[in-house]
Amino acid sequence: MSGTKHLYDTIRPMFGGHFSQSQIDGIETILTAIAAAGITDNRKTAYMLATVFHECAKKMQPIAEFGKGAGHDYGKKLKMGTGPGHRIPYTTPDKLYYGRGYVQLTWYENYESMGHLLHVDLLGNPELALDPTIAANIMVKGMVGGLFTGKSLGKYFTADLTDWVNARKIINGLDQAATIAGYAQTFYKGLTAPV
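All values derive from a computational prediction rather than experimental measurement.

**Digging into the overall build of the protein**
Here is step 1: Looking only at helices and strands, the protein features seven helices and four strands.
Here is step 2: Starting at the N terminus, the α and β elements of the protein follow one another as α-α-α-β-β-β-β-α-α-α-α.
Here is step 3: In summary, the protein has a C-alpha radius of gyration of 17 Å against a globular reference of 16 Å for 195 residues, a match within 12%.
Here is step 4: The principal-axis extents of the C-alpha atoms in the protein amount to approximately 55 × 35 × 30 Å.
Here is step 5: Sequence separation of 24 or more characterises 58% of the internal contacts of the protein that already satisfy a separation of 6 or more.
Here is step 6: Both charge centroids of the protein, one from 19 positive and one from 16 negative side chains, sit 3 Å from each other.

Printed below as a string of structure tokens:
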């Protein structure tokens, strides 16, 4: 799947009237990962694109979290110990697991489990989450599978339901939910062939 002229014409105003090659490359990488995962529902595709548009400050490229986890426990060398919410220090790998990618993957355990899922050593090389193809696959697997918050795209986009606002719970509660819903609807218009 690649972006059509209709898609780019529809979303161009969101990008200030023009695209950089980097933005186009990012959109195409995301669309390729979504198609490879067998997703054909344009609402789900639109919501993923809108999420990236918001999370990556319109760049459409994976980014490292501003502040690199400063002030957050995931920005320290801590991993899960025994008991709920109990974190213990680690020394290896000598890495920090602050937010990286299209959807800001955080925490030691999440890098470890997503790495296993994608057959990539994200624990040993967390910067791989900044590779556009890997970042797109992290986002698709996480949003489709409900791996980030326990909520998945399939809960909000069904045969009977299209819930642009509450779909934000897939990533981050209802933070900026209405704004992202608006972005998603514009992407959806662009992905839907004009009649």
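Let's pick the thread back up.
**Focus on the pattern of salt bridges**
Here is step 1: By the definition in use, this model includes nine salt bridges.
Here is step 2: Lys77 is paired through a salt bridge with Asp94; the nearest N and O atoms lie 2.0 Å apart. Of this pair, Lys77 sits in the loop between strand 1 (63-64) and strand 2 (78-80) while Asp94 is found in the loop between strand 3 (87-89) and strand 4 (100-101), placing the two residues 17 residues apart along the sequence.
Here is step 3: Note on Lys77: relative accessible area 31%, which makes it partly exposed.
Here is step 4: Connected through salt bridges with shared partners, the residues Lys5, Asp9 and Arg12 form a single ionic network.

**Quick word on unusual backbone geometry**
Here is step 1: Between Thr92 and Pro93 the backbone carries a cis peptide bond, its omega angle lying at -5°.
Here is step 2: Mapped onto the secondary structure, Pro93 falls in the loop between strand 3 and strand 4.
Here is step 3: Even without being glycine, Lys68 reaches a positive phi, approximately 50°.
Here is step 4: Judged by its relative accessible area of 47%, Lys68 falls in the partly exposed class.
Here is step 5: For Gln104, which is not glycine, the phi dihedral falls at a positive 55°.
Here is step 6: Mapped onto the secondary structure, Gln104 falls in the loop between strand 4 and helix 4 (108-118).

**Description of the packing of aromatic side chains**
Here is step 1: Tallied over the entire structure, the rule returns 13 aromatic pairs.
Here is step 2: Plain terms: the ring middles of Phe53 and Phe187 are 6.1 Å apart, the flat faces sit at 75° to each other, and that makes the pair edge-to-face. Residue Phe53 is found in helix 3 (residues 42-55), and its partner Phe187 is found in helix 7 (residues 177-191); the two are separated by 134 residues along the sequence.
Here is step 3: Assessed through its relative accessible area of 2%, Phe53 is described here as buried.
Here is step 4: With 5.0 Å between their ring centres and 50° between their planes, Tyr90 and Tyr108 make a pair best called tilted.

**A few points about the packing of helix 3 against helix 5 (residues 132-145)**
Here is step 1: Two numbers describe how helix 3 lies on helix 5: the axes approach to 11 Å, and their chain directions differ by 125°. Looking at the two axes, helix 3 sits oblique to helix 5. For the crossing formed where helix 3 meets helix 5, the hand is right-handed. Listed contacts from helix 5 to Tyr47, Met48, Thr51 and Val52 of helix 3 are Met139, Val140 and Met143.

**Describing the packing of helix 4 against helix 5**
Here is step 1: Two elements in contact, helix 4 and helix 5, have axes separated by 11 Å at closest approach and are oriented at 100°. The pairing of helix 4 with helix 5 is recorded here as roughly perpendicular in orientation. Residues Met114, Leu117 and Leu118 of helix 4 lie in contact with helix 5, whose contacting residues are Ile134, Asn137, Ile138, Lys141 and Gly142.
Here is step 2: Looking at the contact of helix 4 with helix 5 residue by residue, the class counts come to five nonpolar, two polar and one charged.

Conventions we followed
Residues numbered from 1 in each chain as written. Predicted model: local features only at pLDDT ≥ 70, side-chain atom pairs only at ≥ 80, totals over all residues. Heavy atoms only, no water. Helix = DSSP H or I, 4+ residues; strand = E, 2+ residues; numbered from the N terminus. Rg over C-alpha atoms; globule rule 2.2 N^0.38 Å. Contact = heavy atoms within 4.5 Å. Lys, Arg positive; Asp, Glu negative; His and termini not counted. Charge placed at Lys NZ, Arg CZ, Asp CG, Glu CD. Salt bridge = Lys/Arg side-chain N within 4 Å of Asp/Glu carboxyl O. Buried < 20%, exposed > 50% of the residue type's maximum accessible area, 1.4 Å probe, protein only. Phe/Tyr/Trp six-rings, centres within 6.5 Å; stacked < 30°, edge-to-face > 60°. Axes fitted to C-alpha atoms, helices over the stretch in contact; angles between N-to-C directions. Parallel < 35°, antiparallel > 145°, perpendicular 65-115°, else oblique. Left-handed = near helix turned anticlockwise from the far one by under 90°. Nonpolar A, V, L, I, M, F, W, Y, C, P; charged D, E, K, R; others polar.

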